[in-house]
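# Examination of the molecular architecture
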Amino acid sequence: MKIDIATEKSILVELSKEDMSFYDITYEELDYSNIPTRKIIFEIIEQIKEETGKTFDFTDNLQIDVMPDSIGGCLIIFTDCTENGRAVSECSPSAVFPP
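Residues numbered from 1 in each chain as written. Predicted model: local features only at pLDDT ≥ 70, side-chain atom pairs only at ≥ 80, totals over all residues. Heavy atoms only, no water.

## A closer look at the overall build of the protein
Looking only at helices and strands, the protein has two helices and six strands in total. Moving toward the C terminus, one meets the helices and strands of the protein in the order β-β-α-α-β-β-β-β. Counting contacts in the protein only where the partners sit at least 6 residues apart, residues at least 24 apart contribute 47% of the total. As displayed, the protein offers around 6,400 Å² of accessible surface, 50% of which is attributable to carbon and sulfur atoms. (Helix = DSSP H or I, 4+ residues; strand = E, 2+ residues; numbered from the N terminus. Contact = heavy atoms within 4.5 Å. Areas by Shrake-Rupley, 256 points an atom, 1.4 Å probe, with all protein chains shown as cover.)

## Thoughts on unusual backbone geometry
At aspartate 24, a residue that is not glycine, the phi angle is positive and equals roughly 55 degrees. The class for aspartate 24 is exposed, based on a relative accessible area of 67%. (Buried < 20%, exposed > 50% of the residue type's maximum accessible area, 1.4 Å probe, protein only.)

## What about the nonpolar core?
For soluble globular proteins, the rule of thumb is that nonpolar side chains tend to be buried together. Core analysis: the largest hydrophobic core is formed by 17 residues, its most contacted members being Val13, Leu15, Ile44, Ile48 and Phe78. Residue assignment for this core shows that the elements contributing at least two residues are strand E2 (10-15), helix H2 (35-52) and strand E4 (74-80). Element by element, the count of residues in this core is highest for H2, at five residues. Setting aside its immediate chain neighbours within four residues, isoleucine 48 contacts Ile3, Ile11, Val13, Gly53, Lys54, Phe56 and Phe78. (Core = buried A, V, L, I, M, F, W, Y, C linked by side-chain atoms within 4.5 Å.)

## So, H2
Between its first and last C-alpha, H2 extends 25 Å over 18 residues, near the 26 Å set by a 1.5 Å rise per residue. Thr37, Ile40, Ile41, Ile44, Ile45 and Ile48 are the residues of H2 that are buried. Angular distribution of buried residues about the axis of H2 spans 135 degrees; they occupy a single face of the element. The outward face of H2, more than 90 degrees from its buried face, is lined by the exposed residues Ile35, Pro36, Lys39 and Glu50. Contacts from the buried residues of H2 go to strand E1 (2-5), E2, strand E3 (62-68) and E4. One or two steps after H2, the chain reaches glycine 53, where phi turns positive at roughly 85 degrees. (Expected span 1.5 Å × (residues − 1). Arc of directions from axis to C-beta.)

## Looking at the pattern of salt bridges
If you walk through the whole model with that rule in mind, you get three salt bridges. For aspartate 4, the salt bridge goes to lysine 2, with nearest N and O atoms at 3.9 Å. Overall, aspartate 4 belongs to the partly exposed group, its relative accessible area being 28%. Put simply, Lys2, Asp4 and Glu14 are held in one network by salt bridges that share partners. (Salt bridge = Lys/Arg side-chain N within 4 Å of Asp/Glu carboxyl O.)

## Comments concerning the confidence of the model for the protein
On average, residues of the protein score 84 in pLDDT, and 80% of them reach the 70 mark or higher. Per-element confidence in the protein ranges from a low mean pLDDT of 64 for strand E6 (residues 86-87) to a high of 95 for helix H1 (residues 17-22). (pLDDT = per-residue confidence, 0-100.)

## Let's talk about the side chain of threonine 37
Relative to the elements of secondary structure, threonine 37 occurs in helix H2. When neighbours within four sequence positions are excluded, threonine 37 is seen to be in contact with Ile25, Glu29, Leu30, Asp31 and Tyr32.

Written as structure tokens, this is what we have:
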């Protein structure tokens, strides 16, 4: 697992094929509505906290975007969608990947 702070509000997490195997999940199975995915996301967020000190408040608006890579892993982007303690209506990882 590779964790990078992309912006003040975005964290990039790269999961390798081996990481996906460790978590016993595939990109296609990642779905926040199922318990195994939620458990994995919470574990990753804990790892982010340990490595970067960045914490996410789940009462805030947290956007999680997941994209597969070409070698069996995936990229997860965690974006804090709050501004001055309030949810932002338009939130996207575009600040991480500008057009």
